[in-house]
Amino acid sequence: MPNPGIEIIVRLDVVMAQRKMKGRDLAAQIGITEANLSLLKSGKVKGIRFETLAKICAALDCQPGDLLEAVAENENPN
Amino acid sequence: MNTLSQTRRIARPLSYLTTVALLAYPFAMLAMALSGYFNDAFLRDAYDAVTFPAVLSAPAWGAIYAIGVGSVALICAALWNMRALLVHYATGDVLGPDTALRIRRIGHLLLALAIYGVVSHTLTVLVLTWGNPAGERALSVAFSNTDLFLFLAAGLMAVIGLAMTEAARVADENRAFV
């Protein structure tokens, strides 16, 4: 049964910091604008295409689970 | 060349043409009115099936010109919205909310023009024959193939406008995906 109180948190900024990757460089590598990357980092997008997710994982050498986390809404401090 | 490039390429000169029409049409109508083109002979030729007095009163001329101004105003409003739509298309903005709104407005204005065409004919005949003796006044309703196609085109534009509103909503949602 789906839990309506779950939201997806984007941890892209954490992984980028771990890989020491700048936003400008990552945006250029995956082919999106810096503005869109910033929106993605802040979670202000409605969704992400699999193609974009795959390019981010390739650029940062990580798994989708490293970038996205499902948390209960009342657990999210934001 | 993709369809967006084609749209921009075709829309740009059309937008210029519509701008020229929007400026020229009302001035042309005004010039023709001031030059006396819309005179008694013009009316008798346009309404040759109607019998009306040899001399029309000033209020009758005023009413006929007012009916004509209504038609010009509706056409100018339609041209204004067509121009705005074509400018959007010329800049590549084909699925924005304003383009959908413009299409709906054009549809509504074409519908208003179609209705006005029928109503203005009836009103004009009434005004022309108002000076006739009692029993010789006429009430005429005319509906031509042109009116029918204008009604259908107006309805089609209005429905397309609604569909484009939905398309704009979907496009906006797609833009929120990275």
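The shown structure was predicted, so the numbers you read here are calculated from the model rather than taken from an experiment.

A. Focus on the packing of aromatic side chains. Residues and elements named next belong to chain B. A full pass over the atoms with the stated rule returns 5 aromatic pairs over all chains. Summarising the aromatic geometry, the rings of Y37 and F38 are spaced 5.3 Å apart at their centres and angled 80° between planes, so their arrangement reads as edge-to-face. Overall, the relative accessible area of 45% leaves Y37 in the partly exposed class. Their ring planes at 35° and their centres at 6.1 Å tell us that W61 and Y65 sit as a pair that is tilted. With W61 and Y65 both in helix α3 (residues 58-90) and 4 residues apart, this pair spans about one turn of that helix. According to the relative accessible area criterion, W61 is partly exposed, its value standing at 22%.

B. Broad picture of the interface of chain B and chain A. If you look at the interface, chain B gives 5 residues, while chain A gives 8 residues. Both faces combined, the contact of chain B with chain A buries some 660 Å², and carbon together with sulfur accounts for 61% of it. Contact with chain A buries surface across chain B, with A176, F177 and V178 of chain B losing the most and accounting together for 86% of the total. Here chain B is connected to chain A by 0 salt bridges. Where chain B packs against chain A, one counts 5 residue pairs in polar contact (both at pLDDT 80 or more).

C. Examining unusual backbone geometry more closely. Residues and elements named next belong to chain A. Even without being a glycine, K20 presents a positive backbone phi close to 55°. Along the chain, K20 turns up in the loop between α1 (12-19) and α2 (23-30). Owing to a relative accessible area of 76%, K20 belongs among the exposed residues under this scheme. Its identity is not glycine, yet D61 carries a phi of approximately 50°, on the positive side. With respect to the secondary-structure elements, D61 resides in the loop between α4 (50-60) and α5 (64-67).

D. Highlighting the pattern of salt bridges. Residues and elements named next belong to chain B. Taken as a whole, this structure holds 7 salt bridges over all chains when the rule is applied. The shortest N-O distance in the salt bridge between R44 and D40 comes to 2.8 Å. Taken as a pair, R44 and D40 lie in helix α2 (residues 40-46) at a separation of 4 residues, close to a single helical turn. Judged by its relative accessible area of 26%, D40 is partly exposed. One salt bridge connects R102 with D98, and the closest N-O pair in it is separated by 3.4 Å. Of this pair, R102 and D98 both sit in helix α4 (residues 97-129), 4 residues apart, roughly one helical turn.

Conventions adopted
- Residues numbered from 1 in each chain as written.
- Chains lettered and ligands numbered in written order.
- Predicted model: local features only at pLDDT ≥ 70, side-chain atom pairs only at ≥ 80, totals over all residues.
- Heavy atoms only, no water.
- Phe/Tyr/Trp six-rings, centres within 6.5 Å; stacked < 30°, edge-to-face > 60°.
- Buried < 20%, exposed > 50% of the residue type's maximum accessible area, 1.4 Å probe, protein only.
- Helix = DSSP H or I, 4+ residues; strand = E, 2+ residues; numbered from the N terminus.
- Contact = heavy atoms within 4.5 Å.
- Buried area = accessible area lost by both parts, 1.4 Å probe.
- Salt bridge = Lys/Arg side-chain N within 4 Å of Asp/Glu carboxyl O.
- Polar contact = N/O pair within 3.5 Å; in protein donor to acceptor, adjacent residues only side chain to side chain.

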